There are 4 protein chains.
Amino acid sequence: MSHNTFGHLFRVTTWGESHGIALGCVVDGCPPGIRFTLAEIQAWLDKRKPGQSRFVTQRREDDLVKVLSGVMMDADGETMITTGTPVSMMIENTDQRSKDYGEIARQYRPGHADYTYDLKYGIRDYRGGGRSSARETAARVAAGGLARKVVPGLNVRAALVQIGKHKIDRNNWDWNEVNNNPFFAPDPAIVPVWEQYLDSIRKAGSSIGAVVEVVAEGVPAGIGAPIYGKLDQDIASLLMSINAVKGVEIGEGFASAELTGEDNADEMRMGNDGNPIFLSNHAGGILGGISTGQPVIARFAIKPTSSILTERRSIDADGNNVDLRTKGRHDPCVGIRAVPIGEAMVACAVADHYLRDRGQTGRLK
Amino acid sequence: MSHNTFGHLFRVTTWGESHGIALGCVVDGCPPGIRFTLAEIQAWLDKRKPGQSRFVTQRREDDLVKVLSGVMMDADGETMITTGTPVSMMIENTDQRSKDYGEIARQYRPGHADYTYDLKYGIRDYRGGGRSSARETAARVAAGGLARKVVPGLNVRAALVQIGKHKIDRNNWDWNEVNNNPFFAPDPAIVPVWEQYLDSIRKAGSSIGAVVEVVAEGVPAGIGAPIYGKLDQDIASLLMSINAVKGVEIGEGFASAELTGEDNADEMRMGNDGNPIFLSNHAGGILGGISTGQPVIARFAIKPTSSILTERRSIDADGNNVDLRTKGRHDPCVGIRAVPIGEAMVACAVADHYLRDRGQTGRLK
Amino acid sequence: MSHNTFGHLFRVTTWGESHGIALGCVVDGCPPGIRFTLAEIQAWLDKRKPGQSRFVTQRREDDLVKVLSGVMMDADGETMITTGTPVSMMIENTDQRSKDYGEIARQYRPGHADYTYDLKYGIRDYRGGGRSSARETAARVAAGGLARKVVPGLNVRAALVQIGKHKIDRNNWDWNEVNNNPFFAPDPAIVPVWEQYLDSIRKAGSSIGAVVEVVAEGVPAGIGAPIYGKLDQDIASLLMSINAVKGVEIGEGFASAELTGEDNADEMRMGNDGNPIFLSNHAGGILGGISTGQPVIARFAIKPTSSILTERRSIDADGNNVDLRTKGRHDPCVGIRAVPIGEAMVACAVADHYLRDRGQTGRLK
Amino acid sequence: MSHNTFGHLFRVTTWGESHGIALGCVVDGCPPGIRFTLAEIQAWLDKRKPGQSRFVTQRREDDLVKVLSGVMMDADGETMITTGTPVSMMIENTDQRSKDYGEIARQYRPGHADYTYDLKYGIRDYRGGGRSSARETAARVAAGGLARKVVPGLNVRAALVQIGKHKIDRNNWDWNEVNNNPFFAPDPAIVPVWEQYLDSIRKAGSSIGAVVEVVAEGVPAGIGAPIYGKLDQDIASLLMSINAVKGVEIGEGFASAELTGEDNADEMRMGNDGNPIFLSNHAGGILGGISTGQPVIARFAIKPTSSILTERRSIDADGNNVDLRTKGRHDPCVGIRAVPIGEAMVACAVADHYLRDRGQTGRLK
């Protein structure tokens, strides 16, 4: 079973806890001959790492990734070439000083997995959330960096499209803006609105939910595996596996409930170049679980950070009522840092289906 | 890989096409000693079968299920007892007369999987959509009937909560009403609204989307398998695998984007009986991928039926532009018949995680 | 998990009991465009079916196979073409009259799985061994018939090489002889020896073990998936899963324990045609889990049929000592009918690895 | 797919190359609450490590294992307690100096996986065999150390029973002797024979094959998963996955080909304590793929080390004929160091099936 593994041919196993010695992933099934540099992988991790603006947690984690296996170094001493064997990547936790966790070790923080981990396992690593910490997603982002290299021409990008009730204006969408603001917002007009709003949230020690949209261009047409390995199904599964995600949409998503068949139909015509053209993309690039060749579009909703300064009622492991507030440096809106994670998940899903279609080695393409 | 299989310990493999000889499923991993009657399974299939009101397709499919293996008959000649070996269930297609499919065999119906199946496989069963037909879901419903028996005390129910822009009033929610109307609506006040609206859709040869909500009560606390076999992840995956589903939510879902941490927190207190009590259920019964013991709540959006009478532009397999309208008896709102399918998917996911926790045989419980 | 399923991309799920309504298999992952006739599949089943000589059980089972899904019929009305969707095949049990099983239902036959099924499941289908009956292997043989079609140029053949202490003379090996005698013996000189020996075994109501050798020619070089999906590992796994098999060898097998490195080395030279040549095949066509392009050679040992007329000591489900002899029509040497089963298992393993290498659809070759 | 992973509930993924930075494994599915010390795991690695006698390779590898995740340290600062999350273990390669591999990088050593890795991947790590090196088995042994802790009362031991033509006398079998000689021989009388024989092999720069026998006591009755997850099948699969293994037997193994049904039957009687007793163990503790409660007995044959000093004919990657001899410090009989590896594989298989039966968490036992 795949409790800590996802993917079939591009298989990623992650391990590690928030405050353990290290965390990492093993990517099994990466085809041979993929060329990449450590800097390329690190760039994605840097995008996710904390402390980059006042709107994300101020914890210091360098998240430096090492590649331990599965590659040969090219003559340039920089480019790594995959050999088809497992690529093991590790991120050491630089700061794991043993602090006194005191009461927190036995108290159940509302919205966190403390209570349920204890229910299931009877024991849990209470240091920073242990395995249930979003710190695990660093390993996903590393794997995603490799996944992007597997599919020629694949371009997976994401943007934050909603914080609280404040949504972007889709008419303003400009991918070039996404890296020009601390929110990965594609609409520059929303930036001052979000700044002001998140400042108020942050100062109140509160938190707020968000919506992220992922767009994958260059997804080859014809990949996906019906009935139970549909491309949209696997994307939904992986996005839902991200900490704090509570909803996932493909294409029109929930809006499709309000559409008629006429409005929702993505009509087709033969293009002048002899290739089929879709006249719209309500489907989000997937029909019957298989890619159409259009951009694959997915969105996911992230609940507000559960760690807030306001006291909430809870219980502890001994069955006492307690009132808890979670001190420390937390993200007022975890949705921001979820942007590169969502990209990584979609990249991994696409790489996996690409290989299912083309085979393990890529030898014969 | 699990292209036509889902689940890990409660594993369901489905097979069959819309207009083939038969369709069915093999349920592998059903624990021994589960007692059920054929009538109980058939009841769920009857709930899904067409022709039960003017609001669903008028095709005639009896969908009579047979159990071919995996059981011993009890002395009463009616109760089947599982032996722990694969339960094979089959539904014969009673009406597969070879009609002339003519042009449809080579034309790509917008919104259907015709184009993508051809892209992927280079060949497809064009008779009624072949494998991509929603007829495959009959096998899921049969498997779900068995899944419900696996978890003692489990009660999975679903209801239609939205058709087009018309949503139920949640204050009116009454489970007893769900089977009193042709829509599985929990709110009797919405029934005349939907009747009138769907009649107009139906008469226009159009179709409309919908939203279904599934509620699973009696899900044991502490099941679910982080990080990549989370209960909510598996539910999202299975719901997204249903034909025409474009969005999935758990608990607050997309609404959580607009909530603050304070509002979203499910606070806890010790109950008078010494058991923990949650004071709300924004999480939808799952934290960190593990069940809390509260009801598990999921919703999914279904796009409008792609088969409509209005002509749409498309192409055929030879690269010609064509204008298509889909004649025949189609569901004006496939969301209605998706209600028992959604139930089945959630029941299977819960049964699977229950067994992951308790083991394959149930021998030692 | 894959309790009743094997293979990764060419995935076979079998179901059914010895005396149930039917048994069958679902082959998921068969590429589209594979052409075959029912007669071709039936031919392999006929090779396995009982009653073909006095040296195998005289039970009457026609083992007529039906294909229920996953194919389109070609214009000739005979050739089936796979569509890439699951191929469901079924063999109905023609004779399942409800006889009185009496004591046998609670007694544990030595060497059979009666005791262990009860241990594991607490219930078992005692009719003819239920799921543990070798009758299940009919489904494997059907799947193997399809597997043979998947790999162009693949030729999998097997022969019986030992019954009791009587081994064939390998210098006499002639594949043309294999179907000229009731033992699948490749050495005509051994036939009269085995006839006389097995007649004595049969008349005594006894049974005897055997060894089968499988040779797969046309296995493409370079398939196999180290470290834990090695081609030899998967062959060993599948051969060991056959009822009554107690040992498996690849190439030299146990004889390699007595070889020096010099003797065991398969030396290579470049051939006149510019292709590498191996000068021997001690390895059995597999190095490091990957095929070399030479014939893949495997052997397996089958224990004597456990059902014998001589009384053996045992117990029953109530904890009583009993003395048992197994009446009925049993194979004096199950090794004979294991020949086509071994072929099927190797064909399936090769097909699976072929597809892992080349991908799911075969579209791009 | 599980190319570098084995097991279903006790899932082990290994990674790393012979001369890479490190190698290791991730054990996913280890139940919570398992207590162990690093020293206990290290002890198994020490048993496998080279340089412990003149009969094994003189390479220096300390094989010090680290546990990176999945545990909490007990108050004693020494005992680790598993939390149910992935246990990542790593062994750093202390000596990876970049030496000049010269011709060896392009030459195919007979009997090694050089040729087939190039066939499959088109690239390979030629340093010390890369991923195909037996060095990978260090990770298996670490995982096996944990597996032993999972099943209460499990005792898995192995011994070398044959080197070349020299077999032990089974009447002399004494487990206490196994660790008293450099061969893991259970028969002290064979030790001087093997010493003299292996010295001659070693001095000649030659190598020789061997047979290892593994005995697992304390395997709970009733575990194993027919039809395609049989306990003996999984053991065969894992033993066959060990480098250089060419044959696997359970119980009587190939000898069963020469037994009659009467001789092979393991008769039963009720014991004085009210528990069933088997009067023999020809089956090797497994019937129908399920454990009987008797010791599980498996044997495997290892071919002679392929690296020998005598020149062998081969080719290189450029299609030239070459004559190769493999210099360096090699094991004259790799069978010796395979003893702890075989133990580890059987321990892992048993732990996996134990958990399949009892469930993931062990919470309810």
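Quantities reported herein were computed from a predicted structural model and do not represent experimental measurements.

This next bit is on the side chain of Q107 of chain A. Tracing the sequence through the fold places Q107 of chain A in the loop between strand 8 (87-92) and helix 2 (114-121). Those residues in contact with Q107 of chain A, other than ones at most four positions away along the chain, are D114, R124, I315, D316, V322 and L324 of chain A.

Grouped together as the largest cluster of nonpolar side chains are 198 residues, with contacts concentrated most on F10 of chain C together with F10 of chain D. Setting aside anything within four residues of it in sequence, one finds F10 of chain C in contact with V27, D28, C30, A143, L146, A147, V150, C348, A351, D352 and L355 of chain C. Membership of the second largest hydrophobic core comes to 195 residues, among which are A138, L146 and V214 of chain A together with F254 of chain B.

Residues and elements named next belong to chain A. Feature annotation in UniProt places "binding site: NADP(+)" (unreviewed entry) on R48 and R54, given in this structure's numbering. The residue R48 is located in helix 1 (residues 38-48) in this model. Tracing the sequence through the fold places R54 in the loop between helix 1 and strand 5 (65-67). For R54, a relative accessible area of 42% puts it in the partly exposed group. In this structure, R54 is in contact with D199 and R202, ignoring residues within four places of it in sequence. There is a polar contact of 2.8 Å between the side chain of R54 and the side chain of D199.

Each side of the interface is counted separately: chain A has 104 residues, and chain B has 104 residues. Summed over both partners, the interface of chain A with chain B comes to about 8400 Å²; 58% of that surface belongs to carbon and sulfur atoms. Among the residues of chain A in contact with chain B, Y228, K246 and F254 of chain A are the three that bury the most area, contributing 10% of the side total. The interface formed by chain A and chain B holds 10 salt bridges in total. Between D323 of chain B and R269 of chain A there is a salt bridge; the shortest N-O distance is 2.8 Å.

Let us look at empty space enclosed by the protein. There is about 100 Å³ of room inside the second largest cavity. Surrounding the second largest cavity, 16 residues form its lining, N264 and A265 of chain C together with G111, K303 and S306 of chain D being those nearest its centre. Among the residues forming the lining of the second largest cavity, the class breakdown is five nonpolar, seven polar and four charged.

This part is about the UniProt feature "binding site: FMN" (unreviewed entry) in chain A. In the numbering used here, UniProt assigns the "binding site: FMN" (unreviewed entry) feature to R131, S132, S133, N243, A244, G288, K303, P304, T305, S306, S307 and R329 of chain A. Spatially, the listed residues are scattered: they cover 199 residues, and their C-alpha atoms lie as much as 44.0 Å apart. You can call G288 of chain A partly exposed: its relative accessible area is 27%. Setting aside its immediate chain neighbours within four residues, G288 of chain A contacts P226 and K230 of chain A together with A113 and Y117 of chain B. Note on placement: T305 of chain A falls in the loop between strand 17 (296-302) and strand 18 (312-315). Once residues lying within four places of it in the same chain are set aside, the contact partners of T305 of chain A are S207, H330, D331, P332, C333 and V334 of chain A together with G261 of chain B.

Further remarks concern the relation of the copies chain A and chain B. In the superposition of chain A on chain B (RMSD 0.0 Å, axial shift 0.0 Å), the rotation amounts to 180 degrees. Each copy turns onto its partner about a two-fold axis. Of the C-alpha atoms belonging to chain A, the one lying closest to the rotation axis is found on S237 of chain A, 2.4 Å away. Taken together, the interface assignments show that 100% of the residues at the interface of chain A recur at the interface of chain B, consistent with an identical surface on both copies.

So, about the relation of the copies chain D and chain C. Between the two copies of the chain lies a relationship made up of a rotation around an axis and a movement along it. Between chain D and chain C, the superposition needs a rotation of 180 degrees and an axial shift of 0.0 Å, giving an RMSD of 0.0 Å. Residue by residue, 100% of the interface of chain D is reproduced at the interface of chain C, so both copies engage with the same surface.

Counting residues at the interface gives 104 residues for chain D, matched by 104 residues for chain C. Across the chain D to chain C interface the summed buried area is about 8400 Å²; carbon plus sulfur atoms make up 58%. Sorting the residues of chain D by area buried against chain C places Y228, K246 and F254 of chain D first, and these three jointly supply 10% of that buried surface. Our enumeration of links across chain D and chain C arrives at 10 salt bridges. With a closest N to O distance of 3.8 Å, K120 of chain C and D357 of chain D form a salt bridge.

Let us look at the sheet that holds strand 17 of chain A. The antiparallel open sheet is built from 10 strands, whose spatial order is 10(A)-9(A)-11(A)-17(A)-12(A)-12(B)-17(B)-11(B)-9(B)-10(B). The outermost strands of the open sheet, each flanked by one partner alone, are strand 10 (166-167) of chain A together with strand 10 (166-167) of chain B. With eight bridges joining them, strand 9 (residues 155-163) of chain A and strand 11 (residues 210-217) of chain A adopt antiparallel strand pairing. For A159 of chain A, the partnering residue across the bridge sits in strand 11 of chain A and is E213 of chain A. The sheet contacts of helix 4 (residues 190-203) of chain A involve strand 9 and strand 10 of chain A, and relative to strand 9 of chain A the element is tilted by about 55 degrees.

Attention now moves to the sheet that holds strand 7 (residues 79-82) of chain D. Residue and element names in this part refer to chain D. In space, the three strands of this open sheet follow the order 4-7-6, with antiparallel pairing throughout. Among the strands making up the open sheet, the edge pair consists of strand 4 (35-37) and strand 6 (71-73). Looking at each pair of strands side by side, their axes are set apart by 35 degrees on average, direction ignored. Contacting strand 4 and strand 7, helix 1 (residues 38-48) runs over the sheet at an angle of about 60 degrees to strand 4.

The next thing to look at is the pairing of strand 8 (residues 87-92) of chain C. Residue and element names in this part refer to chain C. In terms of burial, strand 8 is largely enclosed, as five of its six residues are buried. Bridge analysis of strand 5 (residues 65-67) against strand 8 gives three bridges, and the strand direction is antiparallel. Pairing of V67 across the sheet is with M89, part of strand 8.

Under the counting rule described, the total for this entry stands at 30 aromatic pairs over all chains. Arranged with centres 5.2 Å apart and planes meeting at 70 degrees, the rings of W173 of chain C and W175 of chain C form a pair that is edge-to-face. The ring centre of W44 of chain A lies 3.4 Å from the NZ or CZ of R148 of chain A, which sits over that ring.

Conventions we followed
- Residues numbered from 1 in each chain as written.
- Chains lettered and ligands numbered in written order.
- Predicted model: local features only at pLDDT ≥ 70, side-chain atom pairs only at ≥ 80, totals over all residues.
- Heavy atoms only, no water.
- Helix = DSSP H or I, 4+ residues; strand = E, 2+ residues; numbered from the N terminus.
- Contact = heavy atoms within 4.5 Å.
- Core = buried A, V, L, I, M, F, W, Y, C linked by side-chain atoms within 4.5 Å.
- Buried < 20%, exposed > 50% of the residue type's maximum accessible area, 1.4 Å probe, protein only.
- UniProt positions renumbered as here; feature names shortened; annotations may be inferred.
- Polar contact = N/O pair within 3.5 Å; in protein donor to acceptor, adjacent residues only side chain to side chain.
- Buried area = accessible area lost by both parts, 1.4 Å probe.
- Salt bridge = Lys/Arg side-chain N within 4 Å of Asp/Glu carboxyl O.
- 1 Å grid on protein atoms, 1.4 Å probe; cavity = no way out; pocket = protein on both sides within 12 Å on 5 of 7 lines; lining within 4 Å.
- Points joined across faces, edges and corners; volume = space filled by probe spheres on them.
- Nonpolar A, V, L, I, M, F, W, Y, C, P; charged D, E, K, R; others polar.
- Least-squares fit on C-alpha atoms with pLDDT ≥ 70 in both.
- Pairing = 2+ DSSP bridges.
- Axes fitted to C-alpha atoms, helices over the stretch in contact; angles between N-to-C directions.
- Phe/Tyr/Trp six-rings, centres within 6.5 Å; stacked < 30°, edge-to-face > 60°.
- Lys NZ or Arg CZ within 6 Å of the ring centre and 35° of its normal.

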